[in-house]
Amino acid sequence: MLIGQLARRTGTSERRLRYYERVGLLTPRRQVNGYRDYDDDAEQTVAQVRALLAAGLPTHVIRQVLPCALADGSLRPCPGVVDTLRSQLTRLDQRADELARARQTLQQAIALAERAG
């Protein structure tokens, strides 16, 4: 399928699909005229990439995880992937703690401003 078809089927822009290709997350074949030609499984790959991005994974981690992804969204055990995901989870937990502290600071600032005003 051509890039426009894949974009329509996945709700992903052509620009974003080209980005996925550039960072190694999606690999189309090229037709004689140079057009990108995606396999039928490209729709599923795009859905997996979008889900992993939504989970907060950077593209370099997704590139490592994708070969281990199964059609149902689960992962088969691949060397190093679980450790990488655990490390990413630790980073997300740290970021969540930072955001919680920032939220608390904002709440305090608002409360002080409301009392003063």
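Keep in mind that what you see is a predicted model, and the values were worked out from it rather than measured.

Conventions and cut-offs
Residues numbered from 1 in each chain as written. Predicted model: local features only at pLDDT ≥ 70, side-chain atom pairs only at ≥ 80, totals over all residues. Heavy atoms only, no water. Patch = residues over 30% accessible without salt bridge, like charges linked within 9 Å, V, L, I, M, F, W, Y side chains within 5 Å. Areas by Shrake-Rupley, 256 points an atom, 1.4 Å probe, with all protein chains shown as cover. Salt bridge = Lys/Arg side-chain N within 4 Å of Asp/Glu carboxyl O. Lys, Arg positive; Asp, Glu negative; His and termini not counted. Charge placed at Lys NZ, Arg CZ, Asp CG, Glu CD. Helix = DSSP H or I, 4+ residues; strand = E, 2+ residues; numbered from the N terminus. Buried < 20%, exposed > 50% of the residue type's maximum accessible area, 1.4 Å probe, protein only. Core = buried A, V, L, I, M, F, W, Y, C linked by side-chain atoms within 4.5 Å. Contact = heavy atoms within 4.5 Å. Disulfide = S-S within 2.5 Å.

**Student:** I would appreciate a short explanation of a positive patch on the surface in the present structure.
**Tutor:** Together, Arg15, Arg16, Arg22 and Arg50 line one region of the surface with positive charge. Top element by residues in the positive patch is helix α2 (residues 14–22). It accounts for three residues. Residue arginine 50 is classed as partly exposed on the basis of its relative accessible area of 37%.

**Student:** Got a minute to help me understand the pattern of salt bridges in this structure?
**Tutor:** Oppositely charged side chains may form a pair once their charged atoms are brought near each other. Going through the model one piece at a time under the given rule, you end up with eight salt bridges. One salt bridge in this structure joins arginine 18 and glutamate 14, with 3.7 Å as the shortest N-O distance. With arginine 18 and glutamate 14 both in helix α2 and four residues apart, this pair spans about one turn of that helix. Note on glutamate 14: relative accessible area 34%, which makes it partly exposed. For arginine 95, the salt bridge goes to glutamate 98, with nearest N and O atoms at 3.4 Å. A residue pair is termed a helical-turn pair when its members lie 3 or 4 positions apart in one helix, as arginine 95 and glutamate 98 do in helix α5 (residues 81–116) at three residues. In this structure glutamate 98 comes out as partly exposed when scored by relative accessible area, which is 39%. One network of salt bridges, with partners in common, ties together Glu21, Arg30 and Arg36.

**Student:** Is there a simple way to think about the nonpolar core in this case?
**Tutor:** General note: in soluble globular proteins, nonpolar side chains tend to be found buried as a group. Within the largest apolar cluster, 22 residues are counted, with the highest numbers of intra-cluster contacts made by Leu6, Leu17, Tyr20, Leu25, Leu26, Tyr38 and Ile62. The biggest single contributor to this core is helix α3 (residues 42–54), with four residues. Leaving out residues up to four positions away in the same chain, leucine 6 has contacts with Met1, Leu17, Leu26, Tyr38, Ala42, Glu43 and Val46.

**Student:** So what exactly am I meant to see when it comes to the state of the cysteines here?
**Tutor:** Cysteine pairs can be linked by a disulfide, which is a covalent bond between their two sulfur atoms. According to the stated counting rule, one finds one disulfide in the structure shown. Each sulfur in the disulfide pair cysteine 68 and cysteine 78 lies 2.0 Å from the other. Residues cysteine 68 and cysteine 78 share a disulfide whose torsion about the S-S bond is about -130°; that sign makes it left-handed. Within this pair, whereas cysteine 68 is found in the loop between α4 (59–65) and α5, its partner cysteine 78 is found in the loop between α4 and α5, the two being separated by ten residues in sequence. Taken as a pair, cysteine 68 and cysteine 78 share a single burial class, namely buried.

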